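The lines below spell out each chain.
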Amino acid sequence: MLIICAGPDSFRARLKYRDLVGAYKKKYDEKGSTVEHLPSDNLYETLLSKLSNQSLFASKKLLVCEGLFQKLTAKQASNLRDAVYRDADISVVIDYEDKEPKATAVKSFQEKELFVYAHELAKGAELNKIVKDLCKRHGVAETRIPSLIQRYQSDLWAIDTALQVLSAMEDGDLGDDANLTQTDNMFVLVDLLLMNKASWMGQYTAFDINGILNSTVSQMRTWHMAKEGMAKGAHPFVQKKLSGMRIKDADKRFLQFLKTFYASRNSLATGDEIVQLLA
């Protein structure tokens, strides 16, 4: 079985991608010992090999990958379909794509062999419902929905980041516009942090440090995607801003941010300790 989670709404596609992996673990393997994340190098050949060398008595397993159909030829797609058929549902393959594969690329698959969850950019009532659900998740009042949509439109990554910041703010007396302005000001601070400008150290006390950390990790991820031309789900303003941003030792910095995020989430660092790890 092959399941594809596709954009262009990368936020919802990634969320579905993550939820499906979680659902597999809950149903078949809570420890995740049968879950394998396949590397992007030689992805087609690696996946074909794993599907073709199965025993009918093998235990169920999950193969997780990204970008399987980006460079797949029609012949390779047909070979993949045959491998999925022979596998006889021993393996579940979950693939993330930036956009829905063309019909010609998946035409050889039968109905029960392939499931495609395509996510177009949300608009109107659908967008309103999604942002409403995000507000509930982050514990932010639904009255902020119009301001969030007006400011960030269909960019759910930006909306989710803004909600993380708003949920971390302790002053509940500020109005929507004031809070969102403060959120935008924090993004300016995050930009300074990304570029390793020491001036951010003199400004961080005006914000929640966990909100800064969350936004830093999110923005750094989007920066990497923008550099690779893969940030189509991000707001055009964010893409333009990050594409022009120069970050020295970007990979090293991103690893530093991820380590700090891990330390924060596991109560290994709090408050000024987080600041020291970010500096």
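The structure under discussion appears in the preceding block.
Because the structure is a prediction, the values reported are computed rather than measured. Here the residue index of a chain counts from 1 through its sequence in written order. The predicted nature of this model means local features are confined to residues of pLDDT at least 70 and side-chain atom pairs, given and counted, to a pLDDT of 80 or more, with totals for whole chains, interfaces and linings taken over all residues. Where side-chain values are given, they derive from all heavy atoms of the structure, hydrogens and water being excluded.

**Details of the packing of aromatic side chains**
Spelled out, the test is: Think of it this way: a Phe, Tyr or Trp ring, Trp meaning its six-membered ring, pairs with another when their centres are within 6.5 Å, and the plane angle makes it stacked under 30 degrees, edge-to-face over 60, tilted otherwise. The way it works is that DSSP assigns letters per residue, a run of H or I at least four long becomes a helix, a run of E at least two long becomes a strand, and they are numbered from the N terminus. Relative accessibility decides the category of a residue: with a 1.4 Å probe and only protein chains considered, values under 20% of the type maximum give buried, values over 50% give exposed, and everything between is partly exposed. By definition, being over a ring means that NZ of Lys or CZ of Arg is both within 6 Å of the ring centre and within 35 degrees of the ring normal.
Throughout the structure, instances matching the rule amount to four aromatic pairs. Both rings, one in F11 and one in W157, keep their centres 5.0 Å apart while their planes meet at 80°; by these two values the pair is edge-to-face. Here W157 lies in helix α7 (residues 156-168) and F11 lies in helix α1 (residues 10-28), a separation of 146 residues in the sequence. Relative to Y96, the ring of Y17 has its centre 5.9 Å away and its plane inclined at 65°; by these criteria the two rings are edge-to-face. Here Y17, found in helix α1, pairs with Y96, found in strand β4 (residues 91-97); they are 79 residues apart in sequence, far enough to count as distant. A single burial state applies to Y17 and to Y96, both of which are buried. Taking NZ or CZ as reference, K60 lies 5.5 Å from the ring centre of Y28, over its face.

**Some points on the side chain of H119**
How we decide: Here a residue-residue contact requires only that any non-hydrogen atoms of the pair lie within 4.5 Å.
Relative to the helices and strands, H119 is located in strand β5 (residues 114-119). Taking relative accessible area as the criterion, H119 reaches 11% and is therefore assigned buried. When neighbours within four sequence positions are excluded, H119 is seen to be in contact with A6, G7, P8, D9, R12, A13 and K16.

**Brief notes about the sheet that holds strand β2 (residues 35-37)**
What counts, and what does not: Strand pairing is assigned whenever DSSP identifies at least 2 bridges connecting the two strands. Note on geometry: axes are C-alpha line fits, over the in-contact stretch for helices, and angles between N-to-C directions span 0 to 180 degrees.
The strand order across the open sheet built from five strands is β2-β3-β4-β1-β5, with neighbouring strands paired in parallel fashion. Among the strands making up the open sheet, the edge pair consists of β2 and β5. For this sheet, the mean inter-axis angle between neighbouring strands, taken without regard to orientation, is 15°. Across five bridges, strand β1 (residues 2-8) lies against β4 in parallel orientation. Residue I4 lies in a different strand from β4, and its bridge partner there is D95.

**Section: the side chain of D95**
Operational definition: Only four residue types enter the charge count, namely Lys and Arg as positive and Asp and Glu as negative; His and the chain termini do not. Should a side-chain nitrogen of Lys or Arg be within 4 Å of a carboxyl oxygen of Asp or Glu, the pair is scored as a salt bridge.
By secondary structure assignment, the location of D95 is in strand β4. Although D95 is buried, it forms no salt bridge, and the closest oppositely charged side chain is R14 at an N-O distance of 8.8 Å. Discounting chain neighbours no more than four positions away, the residues touching D95 are L2, I3, I4, C5, Y17, C65, E66, G67, L68 and F69.

**Side note on helix α3 (residues 74-87)**
An α-helix turns once every 3.6 residues. As a result, residues three or four positions apart point the same way. Short version of the rule: A helix's residues, less one, multiplied by 1.5 Å, set its expected span. Directions are taken from the helix axis to each C-beta atom, and the arc is the one they span.
Taking 1.5 Å of rise per residue, 14 residues should cover 20 Å, and α3 covers 20 Å from first to last C-alpha, within 8% of that figure. Within the span of α3, buried status applies to A77, L80, R81, A83, V84 and D87. Buried residues of α3, seen end-on, are gathered within an arc of 165° and therefore sit on one face of the element. Turned more than 90 degrees away from the buried face of α3, the exposed residues are A74, K75, Y85 and R86. A positive backbone phi angle near 55° is found at A88, which sits one or two residues after α3.

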